[in-house]
Amino acid sequence: MKIYRYILSGMFAFAITACANLDIQPLSTGTSSNWFNDETEITMSLNDLWRPDFFPIDDDDWTDDMLNRNGPNEFTLGTITSQSEPSSSRWSAEYKAISRSLKILDALNSIENNKIDETSLNQYKGEAYFMLGFAYGELATYYGDCILNKTGMSLDEAYVAGRAPKADVLAFSYECFDKAVELLPDSYSGEQIPTKGAALGFKARFALCAEDWQIAADACEKCMELGVYSLHENYKELFQADKSPELMFYFKGNLDQKYGVSNYFSNTRNYIIRKCGGFCNHSPSLELFCSYTCIDGLPIDESSLYDPKDPCANRDPRCTYTIQPYKTRYSSDYAEYEQSKIDKTFPDKYPDYITLGYEYNPSPYATKVYEVSTGSMVTNNDSKASNQHSAYNGLLLRKYVKDSWADWSVSSSKADNCFPYLRYAEILMTYAEAMNELGKCDQSVLDKTVNLVRARAYNGTGIEYPRVVASNQGNLRKIIRMERRSEFAFEGMRYRDLLRWEIADKAYDKSMFYLNRAWSGSASWNGLTGSESNVTLSSDFLRHLSNWDNGNYPIGGIPNIDENGLPDISYMEDSGYIVTFYKMGFESPKNYLWPIPADDILVNNKLTQNIGY
């Protein structure tokens, strides 16, 4: 019933409230009768819209990019229902945003001209149209057909409102974005407000999802022609920066308020090493690790540069900017690496292998790791050598992680990172994909899109980036899809990409893998085997040691990567390197759309449900 409350009342409140009835609006909050009367009330209403409640973030543990050691969820199992919280809350939040935006537009058209200057009036209207465009684009993308409320509804109309075709909803979304582009400023100072570029960017995003290729391409072209945005010089530093010319629409945490945006910044202990008190139970998936290309631009099943015994070497820099790198005994400089810990030159020579003040070493032999502050070797809490709850798949998040995350107890496990909800790299990649699907992706398109994104990834590495050369549509489609996965990992984009490419049924038709839970059995194991070991080692743990010795830890061999960029690592389980944590699931075509919330269908028999729910 939430939708009717939002369609009908146009209520104003500073927090989204859940409700399943048409209760009377409390006097302490504004309604259509006591709010939107002046510029202050209108700006307060608009400013409250620019928060994540109205711009939902898809969790990455809904996808094949992340292992959540706490277990599967209804997305990875394909069991989402009409009573599922994400589906219900997103539907109601977007309709609340629509209701408020319509009330604001109505008020702006009613206020006497001398009360608000023309520049401000246009901006406020632009912001309201921006929110309408976004909300309807979001609803159409996830739910398909939905109720289309352009000017407000009466009570009688609301109870019999049916679902408008998705195409009509998207057409209105595009129309609202176009109006927003006409009215919004190119840039702003102070608190974030929507801009022309953001409106164009979101229009392009939703058009891409709908396969409206020309609309997406045109929006991207106009955004690029604005000359307002550019790529951040350094990929790794972008995700620790407080501002950037690349960030077009973002959300930032506040440590004073103990507030962090998205799962990454609201509980950092889930992502950081146990050595500094983290849980390390959310980690990059093994499949994501295998999806990064080598420095020649080729997938690892095609490149002669890939060494499965040293899987971090010769990889696209975004691989080790996103996933914490580690050394294996087969690394060419392994002896020097180990010696640097003895002569205490390790921090200078191997800074990339340090996280939050400690060496990261998932080796099942590594009972000790280097501590930067003391220059000594200390107990390794992040290896199966000494901790049974560590190294669930041997991988660790690096993207976003700042040194301040080590002080999680002071910040209540919150981080003040910016979450990049929309950034300029997406505009470039969207343009390349749309042009490729139109059959127009020539070398000039690639050079001003994909190749700019790739070049930035290699900036500062001393390695020449592998330039993408124009080829047939199928080859470029695979390159673009793999490039998006590498560029936007852990930015809430993977789930939406899997849906719109209609390959989620393939991506989820497999297991989420991790390492066998076996460990040494003692935090004081001496790291030796056989008669020299001070504990009795299990056969399963000895298999870990054998895999490490043979260069098969945490993965072994080379997976096949299909035309969509999806690696198949299932054979590694048969080889004894990894085990199934849970089997993923996806019901096609059902799960390609979300269900309409049951509460809303309950009060309106004209509101039909999506197929299968």
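The present account deals with the structure reproduced in this document. (Residues numbered from 1 in each chain as written. Predicted model: local features only at pLDDT ≥ 70, side-chain atom pairs only at ≥ 80, totals over all residues. Heavy atoms only, no water.)

## Points about empty space enclosed by the protein
Then comes step 1: Tallying each qualifying case throughout the model produces nine cavities of 30 Å³ or more.
Then comes step 2: Put simply, the largest cavity is a space of about 70 Å³.
Then comes step 3: Considering the residues around the largest cavity, the lining is formed by 13 residues, among which Asp 59, Asp 60, Asn 263, Tyr 264 and Tyr 271 are closest to the centre.
Then comes step 4: For the lining of the largest cavity, the element with the most residues is helix α10 (residues 262–266), which contributes three residues.
Then comes step 5: Broken down by class, the residue content of the lining of the largest cavity amounts to five nonpolar, four polar and four charged.
Then comes step 6: Each pocket or cavity is described by its volume, and for the second largest cavity that value is around 60 Å³.
Then comes step 7: As for the second largest cavity, its lining consists of Pro 56, Ile 57, Asp 58, Arg 205, Phe 419, Tyr 421, Glu 491, Gly 492, Met 493 and Arg 496.
Then comes step 8: Each residue belonging to the lining of the second largest cavity can be placed in one class, and the counts come to five nonpolar, one polar and four charged. (1 Å grid on protein atoms, 1.4 Å probe; cavity = no way out; pocket = protein on both sides within 12 Å on 5 of 7 lines; lining within 4 Å. Points joined across faces, edges and corners; volume = space filled by probe spheres on them. Helix = DSSP H or I, 4+ residues; strand = E, 2+ residues; numbered from the N terminus. Nonpolar A, V, L, I, M, F, W, Y, C, P; charged D, E, K, R; others polar.)

## Focus: the packing of helix α4 (residues 118–143) against helix α6 (residues 166–183)
Then comes step 1: With their axes 7 Å apart at the nearest point, α4 and α6 run at an angle of 155° to one another. When the axes of α4 and α6 are compared, the pair comes out roughly antiparallel. As α4 runs across α6, the sense of the crossing is left-handed. Contacts from Asn 122, Gln 123, Lys 125, Gly 126, Tyr 129, Phe 130, Leu 132, Gly 133, Phe 134, Tyr 136, Gly 137 and Ala 140 in α4 reach Lys 166, Val 169, Leu 170, Phe 172, Ser 173, Cys 176, Phe 177, Lys 179, Ala 180 and Leu 183 in α6.
Then comes step 2: Across the contact of α4 with α6, the residue classes break down as 13 nonpolar, six polar and three charged. (Axes fitted to C-alpha atoms, helices over the stretch in contact; angles between N-to-C directions. Parallel < 35°, antiparallel > 145°, perpendicular 65-115°, else oblique. Left-handed = near helix turned anticlockwise from the far one by under 90°. Contact = heavy atoms within 4.5 Å.)

## A closer look at the pairing of strand β6 (residues 368–371)
Then comes step 1: Bridge count between β6 and strand β7 (residues 376–379): four bridges; the pairing is antiparallel. What sits directly across from Val 369, in β7, is Val 378.
Then comes step 2: Between β6 and β7, which pair antiparallel and follow one another directly, the connecting turn spans four residues, one of which, Gly 375, has a positive phi of 70°. (Pairing = 2+ DSSP bridges.)

## Some details on the packing of aromatic side chains
Then comes step 1: What the rule picks out here adds up to 54 aromatic pairs.
Then comes step 2: Note on Tyr 508 and Phe 586: the rings are 5.6 Å apart at their centroids and 40° apart in plane angle, and the pair reads as tilted. On the criterion of sequence distance, the pair formed by Tyr 508 in the loop between α21 (504–507) and β9 (511–514) and Phe 586 in the loop between β12 (579–583) and α24 (598–602) is long-range, its members being 78 residues apart.
Then comes step 3: Using a relative accessible area of 1% as the deciding quantity, one classes Tyr 508 as buried.
Then comes step 4: Taking relative accessible area as the criterion, Phe 586 reaches 17% and is therefore assigned buried.
Then comes step 5: Taken together through their ring pairs, the aromatic side chains of Trp 50, Phe 55, Phe 130, Phe 134, Phe 177, Phe 202, Phe 206, Phe 249, Phe 251 and Tyr 421 make up a single cluster.
Then comes step 6: Against the face of Tyr 142 rests Arg 90, its NZ or CZ located 4.6 Å from the ring centre.
Then comes step 7: Over the ring of Tyr 330 we find Lys 309, and its NZ or CZ is 5.2 Å from the ring centre. (Phe/Tyr/Trp six-rings, centres within 6.5 Å; stacked < 30°, edge-to-face > 60°. Buried < 20%, exposed > 50% of the residue type's maximum accessible area, 1.4 Å probe, protein only. Lys NZ or Arg CZ within 6 Å of the ring centre and 35° of its normal.)

## Side note on the side chain of Thr 328
Then comes step 1: Mapped onto the elements, Thr 328 comes out in the loop between α12 (317–322) and α13 (334–342).
Then comes step 2: Setting aside anything within four residues of it in sequence, one finds Thr 328 in contact with Lys 309, Asp 310, Pro 311, Tyr 334 and Trp 548.

## So, the pattern of salt bridges
Pairing of side chains with opposite charge becomes possible as their charged atoms draw close.
Then comes step 1: Counted according to the given criterion, the structure contains 39 salt bridges.
Then comes step 2: Here Glu 487 ties to Arg 423 by a salt bridge, and the two come within 2.8 Å at their closest N and O atoms. Here Glu 487, found in helix α19 (residues 473–487), pairs with Arg 423, found in strand β8 (residues 418–423); they are 64 residues apart in sequence, far enough to count as distant. In this structure, Glu 487 and Arg 423 share a single accessibility class: buried.
Then comes step 3: Across the salt bridge formed by Arg 477 and Glu 437, the nearest N and O atoms sit 2.9 Å from each other. Of the two residues, Arg 477 sits in helix α19 while Glu 437 sits in helix α16 (residues 424–437), which places them 40 residues apart along the sequence.
Then comes step 4: Through salt bridges with shared partners, one network takes in Glu 246, Asp 316, Arg 318, Lys 399, Arg 423, Arg 454, Arg 456, Glu 483, Glu 487 and Glu 491. (Salt bridge = Lys/Arg side-chain N within 4 Å of Asp/Glu carboxyl O.)

## Focus: the nonpolar core
Then comes step 1: Phe 55, Phe 130 and Phe 249 are the most contacted members of the largest nonpolar core, which totals 167 residues.
Then comes step 2: Residues within four places of Phe 249 in sequence aside, it is in contact with Trp 50, Phe 55, Phe 130, Gln 192, Pro 194, Ala 198, Phe 202, Phe 419, Pro 420, Tyr 421 and Leu 422. (Core = buried A, V, L, I, M, F, W, Y, C linked by side-chain atoms within 4.5 Å.)

## Re unusual backbone geometry
Glycine aside, a negative phi is what most residues show, and trans is what most peptide bonds show.
Then comes step 1: Omega for the peptide link from Tyr 553 to Pro 554 comes to 5°, which places this bond in the cis form.
Then comes step 2: Mapped onto the elements, Pro 554 comes out in the loop between α22 (539–549) and β10 (560–561).
Then comes step 3: The residue Lys 258 is not glycine, and still its phi comes out positive at about 55°.
Then comes step 4: One can find Lys 258 in the loop between β2 (247–252) and α10.
Then comes step 5: You can call Lys 258 partly exposed: its relative accessible area is 37%.
Then comes step 6: Look at Ser 413: it is not a glycine, yet its phi comes out positive at around 65°.

Fair warning: the whole summary comes from geometry, so function is off the table for now.
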